[in-house]
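Okay, here's what each chain looks like letter by letter:
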Amino acid sequence: MSDTGQDDDTTAAIMEATYRALCDHGYPDTSISTIADEFDKSRSLLYYHYEDKDELLADFLRYLLDQLEADLEAIDADGPEEEVLAIVERLLPPDIEAERFRFQRALLGMRSQAPHVDAYREQFARSDTLILAELTDAVERGIDAGTFRPVDADEVAQFVYATVSGALQRSVTLDDPEIIEHHRTLIESYLQSQVVDRTDEPS
């Protein structure tokens with residue numbers, strides 16, 4: 001945050017206001033002013049902590065990533081395959097509601113600016129690294145447990161995450177949430193046919 005003295009309640013209020021502004025206005029039309037309109041506390045408090053949109057949104061991305069990291073660490077799956085699918089479901093939620101779909105559209109707009117805004121690029125790179133590491137670790141545990149074939153865990157993680165990313169991009173740009181459900185099914189089929197070890201199953 002721009003001010004290390006910022007308390008948790010103020011941080012949460014600013015982040016919630018930022019989320020609502022992005023949902024309502026999308027990335028291009030979100031500004032410090034539109035975020036301030038959603039802020040439950042005084043506008044001067046928001047302006048005290050942030051001087052511009054990019055600074056605030058970079059902190060917002062950092063805040064989201066901290067939440068994602070906690071969510072992924074909290075996954076309690078019955079096995080490696082279920083763990084991979086739980087990670088995928090966290091990224092491609094079933095029955096995505098309209099507000100969250102609009103938010104995903106805003107996030108895509110922010111990602112498109114990452115080549116031009118260093119602070120955005122840093123957070124998206126950190127997010128990708130975290131997700132790929134979680135997927136790779138889950139696949140490696142599956143190999144060690146004999147649940148998965150001796151595949152290249154990093155390649156599987158890259159393929160799964162590329163499929164997730166493509167699903168989000170296509171669903172948002174085509175305004176079609178059903179693409180998310182379709183790609184979750186594709187990932188599950190891929191795991192079953194290419195990753196799960198079936199050598200002990202009767203032919």
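What you are looking at is a predicted structure, and each value in this text was computed from that prediction instead of being measured. (Residues numbered from 1 in each chain as written. Predicted model: local features only at pLDDT ≥ 70, side-chain atom pairs only at ≥ 80, totals over all residues. Heavy atoms only, no water.)

Chemist: Describe in detail the overall build of the protein chain, supporting the description with residues and values.
Modeler: The helix and strand inventory of the protein chain stands at nine helices and zero strands. The order of α-helices and β-strands along the protein chain, N terminus first, is α-α-α-α-α-α-α-α-α. Overall, the C-alpha framework of the protein chain stretches about 70 × 35 × 30 Å when taken along its three principal axes. Here the protein chain, with 203 residues, has 43% of them falling under the buried criterion. As presented, the protein chain carries roughly 10800 Å² of accessible surface, and 46% of it is formed by carbon and sulfur atoms. In the protein chain, the 17 positive side-chain charges and the 46 negative ones have mean positions that sit 5 Å from each other. (Helix = DSSP H or I, 4+ residues; strand = E, 2+ residues; numbered from the N terminus. Buried < 20%, exposed > 50% of the residue type's maximum accessible area, 1.4 Å probe, protein only. Areas by Shrake-Rupley, 256 points an atom, 1.4 Å probe, with all protein chains shown as cover. Lys, Arg positive; Asp, Glu negative; His and termini not counted. Charge placed at Lys NZ, Arg CZ, Asp CG, Glu CD.)

Chemist: So, the pattern of salt bridges: which residues are in play, and what are the values?
Modeler: Considering all chains together, one arrives at twelve salt bridges under this definition. Here Arg126 and Glu69 are joined by a salt bridge, their closest N and O atoms 3.8 Å apart. Separated by 57 residues along the polypeptide, Arg126 in helix H7 (residues 118-145) and Glu69 in helix H4 (residues 53-73) bring together distant segments of the chain. The salt bridge involving Glu83 is made with Arg141; its shortest N-O contact spans 2.4 Å. Of the two residues, Glu83 sits in helix H5 (residues 80-91) while Arg141 sits in helix H7, which places them 58 residues apart along the sequence. On the basis of relative accessible area, Arg141 is assigned to the partly exposed category, the value being 39%. A single salt-bridge network, built from bridges that share partners, covers Arg20, Glu38 and Asp40. (Salt bridge = Lys/Arg side-chain N within 4 Å of Asp/Glu carboxyl O.)

Chemist: Quick one: what's the story with unusual backbone geometry, residue by residue and with numbers?
Modeler: A positive phi angle, close to 50°, is found at Asp95, a residue other than glycine. Relative to the elements of secondary structure, Asp95 occurs in the loop between H5 and helix H6 (98-112). Within the chain, Asp175 stands out as a residue other than glycine whose phi angle is a positive 55°. Inspection of the secondary structure assignment puts Asp175 in the loop between helix H8 (153-173) and helix H9 (178-195).

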